[in-house]
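Chain by chain, the residues run as shown.
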Amino acid sequence: MKIYLFNTEDGLYLGEDFADDAMAGGSSVPAGATAIAPPPFGRREVPVFMAAENRWVLQPLPATRRP
């Protein structure tokens, strides 16, 4: 099964991976992952997983300046 990884401290999207259904107990995914796909996002956005609400939200990346 395809899973989507996130940082357990702040929910930031880390990427995707695959989990063996048997390894994950058949009905759960490893900690720091979800089976819910993040929404499509642009160059200046980042998906953040809201674990308490079991959903993704998009947050803008802060603007940075080059010296």
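Before any of the text, the structure's been laid out above.
Remember, predicted model here, so these are calculated numbers, not experimental data. Sequence order sets the numbering: in each chain, residues are counted from 1 along the sequence as written. This being a predicted model, a pLDDT of at least 70 is required before a residue's local features are given, and a value of 80 or more before pairs of side-chain atoms are given or counted; all residues contribute to the totals for chains, interfaces and linings. As a convention, hydrogens and water are excluded, and side-chain values are obtained from all of the structure's heavy atoms.

Enquirer: Where do I start with the overall build of the chain in this structure?
Expert: Helix and strand definitions here come from DSSP, where helices need a minimum of 4 consecutive H or I residues and strands a minimum of 2 consecutive E residues; each element is numbered from the N-terminal end. Each helix and strand counted, the chain has zero helices and five strands in total. Secondary structure elements in the chain, listed N-terminal to C-terminal, are β-β-β-β-β. Its C-alpha atoms give the chain principal-axis dimensions of about 50 × 20 × 20 Å. By residue count, 25% of the 67 residues in the chain fall in the buried class. Nonlocal contacts in the chain, meaning residues at least 24 apart in sequence, comprise 38% of its contacts between residues at least 6 apart. The Shrake-Rupley method, run with a 1.4 Å probe, gives the accessible areas here. Residue values count only the displayed protein chains as cover. In the form shown here, the chain has an accessible surface area of approximately 5100 Å², with 53% of it arising from carbon and sulfur atoms. In this tally, Asp and Glu contribute negative charge and Lys and Arg positive charge; neither His nor the terminal groups of the chain are included. Where a charge lies is defined by one atom per residue type, namely NZ (Lys), CZ (Arg), CG (Asp) and CD (Glu). Considering the chain, the positive charge centre built from 6 side chains and the negative charge centre built from 8 side chains are found 19 Å apart. Buried residues are those whose accessible area, probed at 1.4 Å on protein chains only, stays under 20% of the maximum for their type, while exposed residues exceed 50% and partly exposed ones sit between those limits. Two residues qualify as a contact provided that any one of their heavy atoms is within 4.5 Å of a heavy atom in the partner residue.

Enquirer: What is the right way to read the pattern of salt bridges from this model?
Expert: Side chains bearing opposite charge may pair, as long as their charged atoms lie close to each other. By salt bridge we mean one thing: a side-chain nitrogen of Lys or Arg within 4 Å of a carboxyl oxygen of Asp or Glu. With the rule as written, the count across this model stands at two salt bridges. Its salt-bridge partner being E16, residue K2 comes within 3.0 Å of it at the nearest N-O pair. Of the two residues, K2 sits in strand β1 (residues 2–6) while E16 sits in strand β2 (residues 13–18), which places them 14 residues apart along the sequence. K2 gets classed as partly exposed once you look at its relative accessible area, which sits at 34%.

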